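Structural characterization, general
The chain contents come next:
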Amino acid sequence: GVNNTIEFATDTYATFEELGTWQWMLYENGRIFNAFIYYIIEKLQIFNGYVYKLSYGCAILFLSFAIYIFSKLLQDFCKNEILCIALSFITIANFYIIEYFLFIEKGLFMFAILLCSIATYCTVKYFKNAKFSFLILALFCLAWAVFIYQIILGLFVILCLPFILKYSNNIKNFIINNLVTASLYSIPLLIAFLTTKFLLKSSRMGGVGNIFQNVIYHFPRIVQLSLEH
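The following paragraphs examine the structure supplied in this document. Being a predicted model, the structure only gives us computed values, none of them experimental.

What follows concerns the overall build of the chain. Looking only at helices and strands, the chain features 10 helices and zero strands. Taking all 229 residues of the chain together, the buried fraction comes to 38%. Considering only residue pairs separated by 6 or more positions, the chain has 70% of its internal contacts joining residues 24 or more positions apart. Working note: accessible area of the chain is about 13,800 Å², and carbon and sulfur atoms make up 69% of it.

Positionally, Y68 belongs in helix α4 (residues 48-74). Its relative accessible area of 47% is what places Y68 among the partly exposed residues. Along the sequence, Y68 and S88 sit 20 residues apart, while their C-alpha atoms lie 7.6 Å from each other.

Residue position: S55 is located in helix α4. S55 sits in the buried class, given a relative accessible area of 11%. In terms of polar contacts, S55 uses its side chain to reach the backbone amide nitrogen of G107, at 3.0 Å. Residues within four places of S55 in sequence aside, it is in contact with I104, E105, K106 and G107.

With that settled, consider the nonpolar core. One finds L63, M110, I113 and F163 to be the most contacted residues of the largest nonpolar core, which totals 50 residues. Counting residues per element, the ones that place at least two in this core are α4, α5 (81-92), α6 (106-129), α7 (132-146), α8 (153-166) and α9 (171-199). Discounting chain neighbours no more than four positions away, the residues touching I113 are A66, I92, I97, Y100, I152 and L155. In terms of nonpolar packing, the next biggest core, distinct from the first, is built from nine residues, M25, A35, Y38 and L200 among them.

Rules behind the numbers
Residues numbered from 1 in each chain as written. Predicted model: local features only at pLDDT ≥ 70, side-chain atom pairs only at ≥ 80, totals over all residues. Heavy atoms only, no water. Helix = DSSP H or I, 4+ residues; strand = E, 2+ residues; numbered from the N terminus. Buried < 20%, exposed > 50% of the residue type's maximum accessible area, 1.4 Å probe, protein only. Contact = heavy atoms within 4.5 Å. Areas by Shrake-Rupley, 256 points an atom, 1.4 Å probe, with all protein chains shown as cover. Polar contact = N/O pair within 3.5 Å; in protein donor to acceptor, adjacent residues only side chain to side chain. Core = buried A, V, L, I, M, F, W, Y, C linked by side-chain atoms within 4.5 Å.

Structure, rendered in structure tokens:
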């Protein structure tokens, strides 16, 4: 629809009009993979219109693959392929995904979503077979995704939730599956935090004290919202 035309978001202006965008992506945002792509585009001097169309085409392709992979996982619950595709589409490509399509990095954002979908597939395979190699593959995918856009890793947890329940035969398995998912989510975030703050020395990163202050501030409100109707 409307997303196949250029949206004039501030980030799009900056990308097309300023040189050295890759440095800002790297040293301020800690998005290493994005910075590499921006660097290649700048060195090759690719025309802006081509960059936008390539990003849009890749976004549609990566999003389609992500929906397909998750729909295959949903067949553990339902054998109706059409219904699984519809549920996968609603889960991943709902109205809120439009925000990602407003920016020039839409191709990269959808690639990160694809990586989360692949990581979910690997995690579910681990729930079924308990093969440690699947966890390594999942962690590898999430480690790439976190250096594209850190917040997208939350999707991985959401996609894993129904499978945590399905493959938990008892309380012990339920706790273990939750811990596995939480670890796969938090380890890449911790790596990204340490890399961005101490290696890249981003001025946008707060100290560890700020993290604890935020937890202390928000935890009572999370409890309140969870208990009140």
